[in-house]
Amino acid sequence: MKTWILAAVLCVSTSVFAQPGRGDHHKEREKLTAEQRTELQVKKMTLELDLTDKQKADIQKLVLDRNKKAETEMAKHKADREAGKVPTKDERFAMQSKRLDEQIAMKAEMKKVLNDEQFEKWQKMHQKRKDNFKHRRKNLKKEKRR
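Keep in mind that what you see is a predicted model, and the values were worked out from it rather than measured.

A few words on the layout of surface pockets. Considered as a void within the structure, the second largest pocket measures approximately 220 Å³ in volume. Forming the walls of the second largest pocket are K76, H77, D80, R81, K85, V86, P87, E91 and M95. Ranked by the residues each element gives to the lining of the second largest pocket, the list is headed by helix α3 (residues 53–82), at four residues. Grouping the amino acids of the lining of the second largest pocket by side-chain chemistry returns three nonpolar, one polar and five charged.

Here the focus is the environment of Q118. Position of Q118 relative to the elements: it lies in helix α5 (residues 116–145). The sequence separation of Q118 and E48 amounts to 70 residues, and the corresponding C-alpha distance is 8.8 Å. Ignoring any residue separated from it by four or fewer positions in sequence, one finds Q118 in contact with L49, D50, L51 and Q55. A polar contact of 2.9 Å, which involves the side chain of Q118, links it to the backbone oxygen of L49.

A few words on the pattern of salt bridges. One pass over the full model with this rule turns up nine salt bridges. A salt bridge links D53 to K56; the nearest nitrogen and oxygen atoms lie 3.6 Å apart. Here the residue D53 and the residue K56 both occupy positions in helix α3, the gap between them amounting to three residues, near one helical turn. Residue E73 is joined to K98 by a salt bridge in which the shortest nitrogen-to-oxygen separation is 3.2 Å. In this pair, E73 sits in helix α3 while K98 sits in helix α4 (residues 89–113), placing the two residues 25 residues apart along the sequence. Judged by its relative accessible area of 27%, E73 is partly exposed. For K98, a relative accessible area of 41% puts it in the partly exposed group.

Here we take up α3. Taking 1.5 Å of rise per residue, the 30 residues of α3 would be expected to cover 44 Å, and the 43 Å separating its terminal C-alpha atoms lies within 8% of that figure. Listed in full, the buried residues belonging to α3 are Q55, I59, L62, V63 and N67. Positive phi appears at G84, one or two residues downstream of α3, with a value of about 85 degrees.

On to unusual backbone geometry. A positive phi angle is found at D50, which is not glycine, with a value near 50 degrees. Along the chain, D50 falls in the loop between α2 (34–49) and α3.

Reading the values: rules and limits
Residues numbered from 1 in each chain as written. Predicted model: local features only at pLDDT ≥ 70, side-chain atom pairs only at ≥ 80, totals over all residues. Heavy atoms only, no water. 1 Å grid on protein atoms, 1.4 Å probe; cavity = no way out; pocket = protein on both sides within 12 Å on 5 of 7 lines; lining within 4 Å. Points joined across faces, edges and corners; volume = space filled by probe spheres on them. Helix = DSSP H or I, 4+ residues; strand = E, 2+ residues; numbered from the N terminus. Nonpolar A, V, L, I, M, F, W, Y, C, P; charged D, E, K, R; others polar. Contact = heavy atoms within 4.5 Å. Polar contact = N/O pair within 3.5 Å; in protein donor to acceptor, adjacent residues only side chain to side chain. Salt bridge = Lys/Arg side-chain N within 4 Å of Asp/Glu carboxyl O. Buried < 20%, exposed > 50% of the residue type's maximum accessible area, 1.4 Å probe, protein only. Expected span 1.5 Å × (residues − 1).

So this is what it looks like as structure tokens:
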């Protein structure tokens, strides 16, 4: 009987400490600047798509603009959230519409900069990243329900 109790205690204690939760430790990290994120993104794209120097320069401008806009939008949303402001249905619609318009514009610009083969590869990379994000988000929701 003692061995069964000991085994149960061991299993419970192991499972409790096996996977640490998502505490505030990830918030302590300093975030990269828009320029640093842009440089890393362009380097990854260069490796994947074999970009020319002109393409790198054009894409760097596009990505930097997008990252700076995203940074200001995130700061605005964070301030609103901390102030307790909840966006209305119309405001959410406007935000989603604006985001989609920016995605359409980004896709059009990328199509201008990249050749057909590179653009197709870029779309696959983009879709894979999107799928990974959805998968992570789904797993986070499951964790919160527990």
